[in-house]
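These are the residues of each chain, in order.
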Amino acid sequence: MRLNLSSIISLIILALPWLQFCETVPVPTPWPERFHALTYKNLSSDGLQIAHQWYDWPRGRNVYIIQKQLSDLLYNVEWNNGTSFYYTLGENGSCDVVHYGIGIPRPDFLDGATYLGTRFTDGFLCNLWEKLDFIWYYEDVQTKKPVRWDFSDGISVHVMTFEVGAVLHDPLIQAPSYCFNQDTYAKG
Ligand SMILES: *[C@@H]1O[C@H](CO)[C@@H](O)[C@H](O)[C@H]1NC(C)=O
Ligand SMILES: *[C@@H]1O[C@H](CO)[C@@H](O)[C@H](O)[C@H]1NC(C)=O
Ligand SMILES: *[C@@H]1O[C@H](CO)[C@@H](O)[C@H](O)[C@H]1NC(C)=O
C-alpha cells in the first residue's frame, strides 16, 4: 500500500484516541505488606506529635507508638478484626478499647484514587492522588516512597523514614491486663 500525506494524517487522527488511552496515568504504589515509618504531625490545636508506625498486613496489625510533646508515650494497636487498643504503660497506665466497624487499611487502599498531577511538597517532587475527599496522598516521583498524606480534617502526616519490610518485635504491643477488665465500646 502506498501512503500519501492525507492517508498518513487520517491514520494519525484515527490512532489519537488509542494513543491517549495508552498514555499511562500514574497509580499509587501499594503499601508494602510490612513497613516501619517515622511520621511527624502538627495537630495545631492539639500540639506536635511524632509516631512510629509499624504496619503488618500478614499479621493483620497496624501499630502506632505515639509521642506527643512532653506527654506519656501512647500505644495504639489496631487489629484487622476492628478492635483498637489505646494505652499508656507504667504506674498510672490507662487503656481504651474501641471496636471500629472496619479493619486496618489494605495495602491497596489507594486503588481507584484520582490522580491530581505533580506537586512539590516537603522539598520532594511528588505525584498527588486524592481518594473519596478523605485523603490526599503524595508519593515521591523517583523513589515511589510516600512523602506526606493529608486528611480532610486538615491534618498532614509527614513521612520522615520509610523502611520496607521492617517488623516490630516488641512485647509492649501486647495490650496490658487493664485493657481487658473493663467495658469496651463500639464506634463508627
Ligand atoms: C503548627 O501549626 C500551627 C497552626 O498552623 C502553627 O502556628 C505552628 O507554627 C506550627 N508549628 C510547627 C512546629 O510547625
Ligand atoms: C481482635 O484481635 C485482638 C488480638 O488478637 C483481640 O485482642 C481482640 O479481642 C479481637 N477482637 C474481637 C472483636 O474479636
Ligand atoms: C501516678 O499518680 C499518682 C497520683 O496522682 C502520682 O502521685 C504519681 O506521681 C503518678 N506516677 C507517675 C509515674 O506519674
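Chains are numbered independently. Their residues run from 1 in the order of the written sequence. For naming, the first written chain is A and the first written ligand is 1, with later ones following in the order written. Two thresholds apply to this predicted model, a pLDDT of at least 70 for residue-level local features and 80 or more for giving and counting side-chain atom pairs, whereas whole-chain, interface and lining totals are computed over all residues. Side-chain numbers come from the whole structure's heavy atoms, not from hydrogens or water.

J.: Honestly, the state of the cysteines in this entry has me stumped. Any pointers?
T.: Simply put, the disulfide is a covalent bond whose two ends are the sulfur atoms of two cysteines. Cysteine sulfur atoms are paired as a disulfide whenever they come within 2.5 Å of each other. This structure, assessed with the given rule, holds one disulfide. With its sulfur 2.0 Å from that of its partner, C95 forms a disulfide with C179. Note on the C95 and C179 pair: the S-S dihedral is about 105°, so by sign convention the disulfide is right-handed. With C95 in strand β6 (residues 95–100) and C179 in the loop between β11 (156–164) and β12 (185–187), this pair connects stretches of sequence that are 84 residues apart. The two residues C95 and C179 agree in class, both being buried. The helix count covers DSSP runs of H or I at least four residues long, the strand count covers runs of E at least two residues long, and both are numbered beginning at the N terminus. Per-residue accessibility, obtained with a 1.4 Å probe over protein chains only, is compared with the maximum for each type, and a residue is labelled buried under 20%, exposed over 50%, and partly exposed between these values.

J.: Explanation requested: the side chain of T83 in the structure shown.
T.: In this fold, T83 is placed in strand β5 (residues 83–87). For T83, a relative accessible area of 11% gives the class buried. Of note is the side chain of T83, whose polar atom sits 2.9 Å from the side chain of H99. Apart from the residues within four sequence positions on either side, T83 is in contact with V77, E78, V97, V98 and H99. By the criterion applied in these results, polar contacts are pairs of N or O atoms within 3.5 Å in which, for protein atoms, one can donate a hydrogen and the other can accept it, and in which residues neighboring in sequence qualify only through two side-chain atoms. Contacts are residue-level and defined by heavy atoms, with any inter-residue pair within 4.5 Å sufficient.

J.: How should the environment of S156 be read in this particular structure?
T.: Among the structural elements, S156 can be located in strand β11. By relative accessible area, S156 is classed as buried at 16%. Separated by 113 residues in the primary sequence, S156 and L43 place their C-alpha atoms 8.1 Å from one another. Not counting the four nearest positions on each side in its chain, S156 is found in contact with Y40, K41, N42, R148, W149 and D150. Reaching out from S156, the side chain makes a polar contact with the side chain of D150 at a distance of 2.9 Å.

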